Amino acid sequence: MRIAQIAPLAEAVPPKLYGGTERVVSWLTEELVALGHDVTLFASGDSVTSAKLEPIWPTALRLDGRVKDPHAPHNLMLETVRQRAKEFDLLHFHLDYHPFSLFTRQSTPFVTTLHGRLDLPEHQPVFDLFPTAPVVSISDSQRLPLPQAHWVGTIHHGLPKDLLAPQPEAKPGYLAFLGRIAPEKAPDQAIAIARRTGMPLRMAAKIDPADSAYYDNHIKHLMDSPSVEYVGEIDDREKSSFLSGAIGLLVPMEWDEPFGLVMIEAMACGTPVIAYRRGSAPELIEDGVTGFVVNNEDEAVAAVPKLAELHRANIRRRFEARFTARRMAQQYVEVYEKLIFGETELVEEERRAV
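These numbers come from a predicted model, not from an experiment.

A. Region of interest: the pattern of salt bridges. The tally for this structure, following the rule as stated, stands at 25 salt bridges. For the salt bridge of glutamate 31 with arginine 326, the shortest nitrogen-to-oxygen distance reads 2.6 Å. With a gap of 295 residues between them, glutamate 31 in helix α1 (residues 20–34) and arginine 326 in helix α13 (residues 325–340) connect regions that are remote in the sequence. By relative accessible area, arginine 326 is classed as partly exposed at 34%. Of the charged contacts in the structure, one is a salt bridge between glutamate 320 and arginine 316, with a shortest N-O distance of 2.9 Å. Here the residue glutamate 320 and the residue arginine 316 both occupy positions in helix α12 (residues 312–322), the gap between them amounting to 4 residues, near one helical turn. A single salt-bridge network, built from bridges that share partners, covers Arg23, Asp236, Lys239 and Glu265.

B. Fine view of unusual backbone geometry. Going from valine 13 to proline 14, the amide bond is cis rather than trans, its omega being -5°. Looking at where proline 14 falls in the secondary structure, it is placed in the loop between β1 (2–6) and α1. Backbone geometry places aspartate 96, a non-glycine residue, at a positive phi of 55°. Position of aspartate 96 relative to the elements: it lies in the loop between β4 (90–93) and α3 (100–103).

C. Spatial organisation of the sheet that holds strand β12 (residues 273–276). In space, the 6 strands of this open sheet follow the order β10-β9-β8-β11-β12-β13, with parallel pairing throughout. Of all strands in the sheet, those with a lone pairing partner are β10 (228–230) and β13 (291–294), marking the two edges. Here the average twist between neighbouring strands, direction ignored, is 20°. Note: strand β9 (residues 201–206) against β10, 3 bridges, orientation parallel.

D. Quick peek at the packing of aromatic side chains. Enumeration according to the criterion identifies 9 aromatic pairs in this entry. Each ring, one from phenylalanine 42 and one from phenylalanine 88, has its centre 6.0 Å from the other, and the planes form 75°; the classification is edge-to-face. Of this pair, phenylalanine 42 sits in strand β2 (residues 38–44) while phenylalanine 88 sits in the loop between α2 (71–84) and β4, and the two are 46 residues apart along the sequence. This pair shows no difference in class: phenylalanine 42 is buried, exactly as phenylalanine 88 is. Above the face of the tyrosine 174 ring, arginine 202 is positioned so that its terminal group lies 5.1 Å from the ring centre. If you follow lysine 306 out to its NZ or CZ, it ends over the ring of phenylalanine 292, 5.0 Å from the centre.

E. How the structure looks around the pairing of strand β11 (residues 246–251). Here β11 lies mainly inside the structure; 6 of its 6 residues are buried. Relative to β11, strand β8 (residues 174–180) is paired through 3 bridges, and the arrangement is parallel. Bridge pairing in β11 places tyrosine 174 opposite alanine 246. Pairing geometry for β11 and β12, over 3 bridges, is parallel. Counterpart to leucine 249 in the pairing with β12 is valine 273. Handedness of the crossover joining β11 and β12 through helix α9 (residues 261–268) is recorded here as right-handed.

F. Spatial organisation of the nonpolar core. Membership of the largest hydrophobic core comes to 80 residues, with the highest contact counts inside it found for Ile181, Leu201, Leu249, Met263 and Ile274. When residues in this core are grouped by element, the largest group, 8 residues, is from α13. If we ignore the near neighbours within four places in the chain, the residues touching leucine 249 are Ala176, Phe177, Leu178, Leu243, Val262, Met263, Ala266, Thr271, Pro272, Val273 and Ile274. In this structure, Ile56, Ala85, Leu95 and Phe110 belong to the second largest nonpolar core, which totals 27 residues.

G. The packing of α1 against α13, seen in detail. It is the contact of α1 with α13, at a shortest axis distance of 9 Å, that shows an interaxial angle of 75°. Taken together, the axis directions place α1 and α13 in an arrangement best described as roughly perpendicular. Within the contact between the two elements, α1 uses Val24, Trp27, Leu28, Glu31, Leu32 and Ala34 and α13 uses Ala325, Arg326, Met328, Ala329, Tyr332, Val333 and Tyr336. Across the contact of α1 with α13, the residue classes tally to 11 nonpolar, no polar and 2 charged.

H. Just the environment of serine 240, in detail. By the element assignment, serine 240 lies in helix α8 (residues 236–244). The class for serine 240 is buried, based on a relative accessible area of 8%. Sequence separation between serine 240 and serine 50 is 190 residues, and the spatial gap between their C-alpha atoms is 25 Å. Leaving out residues up to four positions away in the same chain, serine 240 has contacts with Leu163, Leu164, Ala165, Gln167 and Cys269.

I. Region of interest: the sheet that holds strand β7 (residues 150–154). The 7 strands lie next to each other as β3-β2-β1-β4-β5-β6-β7, forming an open sheet whose pairing is parallel. Strands with a single pairing partner mark the edges of an open sheet, and in this sheet they are β3 (52–57) and β7. On average, each strand axis in the sheet is tilted by 25° relative to the strand beside it, whichever way the strands run. Pairing of β4 with strand β5 (residues 110–114), which is carried by 3 bridges, proceeds in the parallel orientation. Note that in β5 the partner of phenylalanine 93 across the bridge is threonine 112. Here α2 sits on the sheet and contacts β1, β2, β3 and β4; the angle it forms with β3, its principal contact strand, is near 140°. Sheet contacts for α13: β1, β4, β5, β6 (134–137) and β7; angle to β4, the most-contacted strand, approximately 130°.

Criteria and cut-off values
- Residues numbered from 1 in each chain as written.
- Predicted model: local features only at pLDDT ≥ 70, side-chain atom pairs only at ≥ 80, totals over all residues.
- Heavy atoms only, no water.
- Salt bridge = Lys/Arg side-chain N within 4 Å of Asp/Glu carboxyl O.
- Helix = DSSP H or I, 4+ residues; strand = E, 2+ residues; numbered from the N terminus.
- Buried < 20%, exposed > 50% of the residue type's maximum accessible area, 1.4 Å probe, protein only.
- Pairing = 2+ DSSP bridges.
- Axes fitted to C-alpha atoms, helices over the stretch in contact; angles between N-to-C directions.
- Phe/Tyr/Trp six-rings, centres within 6.5 Å; stacked < 30°, edge-to-face > 60°.
- Lys NZ or Arg CZ within 6 Å of the ring centre and 35° of its normal.
- Right-handed = clockwise from strand over helix to strand, strands pointing away.
- Core = buried A, V, L, I, M, F, W, Y, C linked by side-chain atoms within 4.5 Å.
- Contact = heavy atoms within 4.5 Å.
- Parallel < 35°, antiparallel > 145°, perpendicular 65-115°, else oblique.
- Nonpolar A, V, L, I, M, F, W, Y, C, P; charged D, E, K, R; others polar.

Limitation: the analysis is restricted to geometry and does not speak to function.
The following block contains the structure:
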């Protein structure tokens, strides 16, 4: 199958810095190539891939201080893809709703994976206007604000099977927080949970410039405790050790996150997760098997002693069964084939029957 993957230009694929969407696009692209497909990746020129790279802009826009208008390179990319559309069997976009107008007017099948939040009021008229534009959700919960969209599948993200792994030499001895120091991630809740349980907390998290005031005003003083250690931002090479050494990962989300990669990263290391019942958490965590889904701080505190009852080898097995990049790619291929042959309604009927 000749497949075009069209990535955002903000970060390289894979990203050199923070970039969840670009990481997923990279994993998907590499797996599609490994499955034998002819894949072209439209992305920034500093991307690294085993697919054919079609560089639209020399470097990731976030790293190119000369670019003042990021919309211009993205429009350049959309038109470049349109002009080459007949070279492909399927066009797969990762650009939110931006491809809808142009690509509903041409004949090559296309699909868009929606990676972000969809609950803003301005989303409603856009999806009302394009009721036939095929879209994939990354969790069922992500769909809820837009029932009118033309959903052709829910496909959970997946990691390369061997990207992260349990480290047998690590002796779990702390609770972990991984991600960003931001209001919606509720790091203050993680600190409160750890303090109430008497457990040390290690926080591997980045602080975006946009969140520096939040950190200074609300979080920094909470870290003035010997039981709280701020590790800073870590990369994939460090995550296996960090997560394997954790008794559990705390994910006290304060928003309906469409998908939380940190949860499946923990599972890849055999580490159980305690997450608030928001967004995708109930879909990703098998309660009492790979972690616990709780409603509030009190329930999270009560769940911490039960983490030791969960079998870490089984958590890793559940990751391999549910959240590998190969599984993700195979599910996308099924959707591609249905779109090419005009059978997208069957995709949803089969999914609901599972």
